[in-house]
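What the coordinates show
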Amino acid sequence: MTTQLLPGFTLGNHHIDVPLVLAPMAGITDLPFRKICKRFGVGLVVSEMIASRAVDMGRERTERMAELGDDEHPASIQIAGADPVFVAEAARWAVGHGADFVDINMGCPVKKICKQVAGSAMLRDEKLVARVLKAVVEAVNVPVTLKIRTGWDDTSKNVENIARIAEDCGIQMLTVHGRTRAQMFHGHASWEDIGLAKAAVSIPVIGNGDIIDATSAREMIRISGCDGVMVGRAVQGNPWVLGEVHAVLTGAPLPAAPTASERWLIVSEHLHHLAEHHGIRTAAKLARKHVIWYSKGLHGSAEFRQSFQTLTDWQQMLDVAAGYFLGLGGHVHQHILESVRHPSSPEAAHAV
Ligand SMILES: Cc1cc2nc3c(=O)[nH]c(=O)nc-3n(C[C@H](O)[C@H](O)[C@H](O)COP(=O)(O)O)c2cc1C
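Note that this is a predicted model, so its numbers are computed, not measured.

A few words on the overall build of the chain. Secondary structure summary: the chain contains 16 helices and eleven strands in total. Each principal axis of the C-alpha distribution contributes one length, and for the chain these read about 60 × 50 × 40 Å. Per-residue burial over the chain gives 48% buried out of 352 residues. Contacts spanning at least 24 positions in sequence make up 66% of the contacts within the chain whose residues lie at least 6 apart.

And the structure:
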């Protein structure tokens with residue numbers, strides 16, 4: 001019998017059985033990426049951050065960013081902004097686009113966002129935080145969640161205050177990335193600081209920052225007492241890490257490392273989803289970073305990277321990538337190569 005490490009939690013009408021959340025990452029966690037991650041047991045996915053002003057402009061790209069897959073639900077759309085009226089409007093728009101939850105980003109450290117006193121810059125103005133949160137909670141009839149850092153800098157950490165404000169304003173789940181804005185992505189995430197937020201409120205707190213494998217997930221949970229974990233950068237090119245963390249959370253045995261053909265099937269499926277979602281031209285640009293990430297640390301990856309990043313033709317990219325990833329297994333099966341070209345064919349399903 002297996003014992004689940006964390007019981008999951010309820011958000012509105014939904015129960016998140018396995019409290020494993022995929023971190024929103026702008027330019028990365030689009031629908032194709034999330035579809036891949038969902039296969040590894042993620043309990044909750046969040047869209048890339050959508051600026052409330054972008055919603056106002058009604059761009060096609062914004063629409064694509066908000067697109068949720070049929071099998072992704074319950075899923076969250078993340079919005080950002082500092083003007084309560086705009087953010088509330090963006091939240092209504094997100095619900096109109098199928099969001100089961102609206103997540104508000106007050107953790108983004110990017111200069112362009114902070115200059116508009118949005119993202120993590122808002123943490124310096126607790127009254128503004130409350131105004132924005134209240135406006136969004138009042139605007140929509142789905143659970144509203146919040147993602148923060150631990151404060152602006154070391155001298156002004158206010159993670160407990162913000163956590164309490166969030167709960168008072170009706171926020172139903174809080175994610176804490178255990179770094180200050182000043183840290184950007186340097187140093188270590190403080191899992192102790194995540195624990196401060198957890199101790200301050202009774203809503204579910206998701207711990208985030210520096211989970212890279214089963215051991216770090218277990219440690220973060222032990223140190224912070226968090227109700228769930230969110231994994232970001234470690235998933236780039238390595239969705240298998242989600243399977244590991246899923247096993248930690250559910251008490252299942254750790255999965256074996258992927259074989260060469262299993263790895264390639266995930267890569268090829270990801271490429272297929274990219275082409276379907278973005279069209280081949282954009283997919284070819286986006287595929288470069290993903291495929292190179294997938295090759296990281298594998299035999300011959302430096303040479304592969306050099307040749308792959310010069311390619312522009314989609315079919316050639318598929319062929320070169322197939323040759324590399326399947327070559328890692330020492331042999332290439334023709335039926336697997338076929339499945340590369342037609343990822344939804346029975347051969348592909350069989351090979352998985
Ligand atoms: C390229 C990149 C883009 C990101 N975009 C977002 C975003 O749109 N919204 C957000 O809340 N956090 C964003 N983050 C932060 C992550 O969600 C996460 O908090 C951070 O990477 C720490 O978690 P990790 O150590 O597991 O990567 C981004 C991070 C990276 C590396």
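Before going further, it helps to examine the domain arrangement of the chain. According to the domain assignment, the chain contains domain 1 (9-250) and domain 2 (260-351). Once you take the C-alpha centre of each, domain 1 and domain 2 turn out to be 30 Å apart. Taken together, the contact pairs eight residues of domain 1 with ten residues of domain 2.

This paragraph deals with the nonpolar core. Core analysis: the biggest nonpolar cluster contains 102 residues, and V102, V136 and V229 have the highest contact counts within it. Looking at which element gives the most residues to this core, the answer is helix α11 (residues 260-278), with seven residues. For this core, the domains that each give at least three residues are domain 1 (9-250) and domain 2 (260-351). Among residues more than four places away in sequence, those in contact with V102 are S76, I77, I79, A91, A94, V95, V136, V140, V142 and V144.

Further remarks concern the pairing of strand β11 (residues 228-231). The side-chain alternation of β11 yields two buried faces, one formed by G228 and M230 and the other by V229 and V231. Summarising the sheet, strand β10 (residues 205-208) and β11 pair through three bridges and their orientation is parallel. Each bridged residue has a counterpart across the sheet, and for N208 the counterpart in β11 is M230.

Let's shift gears to the site of the ligand. Around the ligand, the structure places 21 residues, and the nearest of them are A23, M25, M49, G232 and R233. Tallied by class, residues from the shell around the ligand come to ten nonpolar, seven polar and four charged.

Quick look at the pairing of strand β6 (residues 75-80) now. Summarising burial for β6: six of the six residues are buried, a large majority. The side-chain alternation of β6 yields two buried faces, one formed by A75, I77 and I79 and the other by S76, Q78 and A80. Bridging between strand β4 (residues 44-46) and β6 involves two bridges; their strand directions are parallel. Paired with V46 across the strands is S76, a residue of β6. Pairing of strand β5 (residues 50-51) with β6 involves two bridges; the strand directions are parallel.

Moving on: the packing of helix α7 (residues 159-168) against helix α8 (residues 191-200). It is the contact of α7 with α8, at a shortest axis distance of 8 Å, that shows an interaxial angle of 35°. Seen along the crossing, α7 lies across α8 with a hand that is right-handed. Listed contacts from α8 to V159, E160, A163 and R164 of α7 are D193, L196, A197 and A200. Class assignment of the residues belonging to the contact of α7 with α8 gives a composition of five nonpolar, no polar and three charged.

This part covers the packing of α8 against helix α9 (residues 214-224). Where α8 contacts α9, the two axes come as close as 8 Å, and the packing angle between them is 45°. Relative to α9, the element α8 lies oblique. Like other packed secondary-structure pairs, α8 and α9 cross with a definite hand, here right-handed. Taken together, the residues of α9 that come into contact with α8 (itself represented by W191, E192, I194, G195 and K198) are M220, I223 and S224. Of the residues that constitute the contact of α8 with α9, the class distribution is four nonpolar, two polar and two charged.

This part is about helix α12 (residues 280-295). Its 16 residues place the ends of α12 21 Å apart at the C-alpha level, agreeing with the 22 Å of an ideal helix rising 1.5 Å per residue. Of all bends in α12, the biggest is about 35°, found at A287. Restricting attention to buried positions, one finds in α12 the residues A283, L286, A287, H290, V291, Y294 and S295. The elements touched by buried residues of α12 are α11, α13 (301-308) and α14 (314-327). Backbone geometry just after α12 places G297 at a positive phi near 80°.

All buried positions along α7 are accounted for by V159, I162, A163 and A166. The buried side chains of α7 occupy one side of the element, clustering within an arc of 105° when seen end-on. Among the structural elements, α6 (126-139), β8 (144-149), β9 (173-177) and α8 are those in contact with the buried residues of α7. G170 lies just past α7 and shows a positive phi near 100°.

Conventions and cut-offs
- Residues numbered from 1 in each chain as written.
- Predicted model: local features only at pLDDT ≥ 70, side-chain atom pairs only at ≥ 80, totals over all residues.
- Helix = DSSP H or I, 4+ residues; strand = E, 2+ residues; numbered from the N terminus.
- Buried ≥ 20, exposed ≤ 12 C-beta atoms within 10 Å, placed from the backbone.
- Contact = placed C-beta atoms within 7 Å.
- Domains from an automatic or database assignment.
- Core = buried A, V, L, I, M, F, W, Y, C linked by C-beta atoms within 7 Å.
- Pairing = 2+ DSSP bridges.
- Near = placed C-beta within 6 Å.
- Nonpolar A, V, L, I, M, F, W, Y, C, P; charged D, E, K, R; others polar.
- Axes fitted to C-alpha atoms, helices over the stretch in contact; angles between N-to-C directions.
- Left-handed = near helix turned anticlockwise from the far one by under 90°.
- Parallel < 35°, antiparallel > 145°, perpendicular 65-115°, else oblique.
- Expected span 1.5 Å × (residues − 1).
- Bend = angle between axes of the 7 residues up to and from the residue.
- Arc of directions from axis to C-beta.

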